[in-house]
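# Results of the structural survey
Each chain is listed here by its residues.
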Amino acid sequence: MLLLALDTATPAVTVALHDGTSVIASSSQVDARRHGELLLPAVDRVLAEAGLKLDAVTGIVVGVGPGPYTGLRVGLMTADTFGLVLGVPVHGLCTLDGLAYAAEVEGPFVVATDARRKEVYWARYADRRTRESEPAVDRPAEIADAVAALPAVGAGALLYPDTFPDARAPEHVAAAALACLAAEKLAAGEELEAPRPLYLRRPDAQVPKNYKVVTPK
């Protein structure tokens, strides 16, 4: 097994290689505006670090969000393209699950990422491997009563300390955590999600209301 994991659902552009036993190479850069520029060089970098070629990969793991439309689709389209070219399966994992897996928290906790528009993407976890709720997008004040008593990880938790008073690292997802979680699930015979995006809301970019279509004469 050689899994190539990647995620662009948060400001982190993150890639990792997992050989079925452990992560053998990884790269993470935080830049919310350059997902498309940074992702392929990061893939090249981890392959070079591992001394491998892309055709050695036997499976792709991609974070499916939730995340903003523009960044998230970069990772998903790249994963789909790799899967098609290499003829290997593409597995989806919730980005929040990757953050949860990397958290050093005992007992129930919350994962929250920045959804912009003064909102967070969030879910509640019983432990690092068990999500108790479906991912949702809300304003922090709307969920304060439900999450205030729980530890929380992720950039969304760090942004809103009034709602998440016990905010902790990690801030962004790491593909290394996604790769480890995927390898663990696959080894146990579990079926992973299809690589379908969790947008949860309409994209930030909208067609202007008074947009006029001009047809050539």
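Before going into details, it helps to say that this report is about the structure given with it.

Criteria and cut-off values
- Residues numbered from 1 in each chain as written.
- Predicted model: local features only at pLDDT ≥ 70, side-chain atom pairs only at ≥ 80, totals over all residues.
- Heavy atoms only, no water.
- Salt bridge = Lys/Arg side-chain N within 4 Å of Asp/Glu carboxyl O.
- Helix = DSSP H or I, 4+ residues; strand = E, 2+ residues; numbered from the N terminus.
- Buried < 20%, exposed > 50% of the residue type's maximum accessible area, 1.4 Å probe, protein only.
- Contact = heavy atoms within 4.5 Å.
- Pairing = 2+ DSSP bridges.
- Axes fitted to C-alpha atoms, helices over the stretch in contact; angles between N-to-C directions.
- Disulfide = S-S within 2.5 Å.

For the rest of this paragraph, the subject is the pattern of salt bridges. Under the defined criterion, the tally for this structure stands at nine salt bridges. A salt bridge links Arg34 to Asp31, with the shortest nitrogen-to-oxygen separation between them at 3.5 Å. Bridged by salt links that share partners, the residues Asp97, Arg131, Glu134 and Glu193 form one connected network.

Within the element layout of this structure, Thr10 appears in the loop between β1 (3-7) and β2 (12-18). Accessibility expressed as a relative area gives 6% for Thr10, which makes it buried. Leaving out residues up to four positions away in the same chain, Thr10 has contacts with His35, Thr95, Thr113, His172 and Val173.

With that settled, consider the sheet that holds β2. Ordered in space as β3-β2-β1-β4-β5, the five strands form an open sheet in which the pairing is mixed. Edge positions in the sheet fall to β3 (23-30) and β5 (90-93), since each has one partner strand and no second. Taking the axes of each pair of neighbouring strands and ignoring which way they run, one obtains an average angle of 15° across the sheet. As paired elements, β2 and β3 share seven bridges and run antiparallel to each other. Residue pairing in the sheet places His18 in a bridge with Val23 of β3. Strand contacts of helix α1 (residues 35-50): β1, β2 and β3, with the helix running at about 155° to β3, the strand carrying the most contacts. Running at roughly 135° to β1, helix α6 (residues 175-187) makes contact with β1, β2, β3, β4 (59-63) and β5 of the sheet.

Turning next to helix α3 (residues 95-102). In terms of burial, α3 is largely enclosed, as seven of its eight residues are buried. Among all positions of α3, only Thr95, Leu96, Asp97, Gly98, Leu99, Ala100 and Tyr101 are buried.

Our focus in this paragraph is the state of the cysteines. Enumeration over the complete set of coordinates arrives at zero disulfides. As a non-bridged cysteine, Cys180 has Cys94 as the owner of its nearest cysteine sulfur, 17 Å distant.

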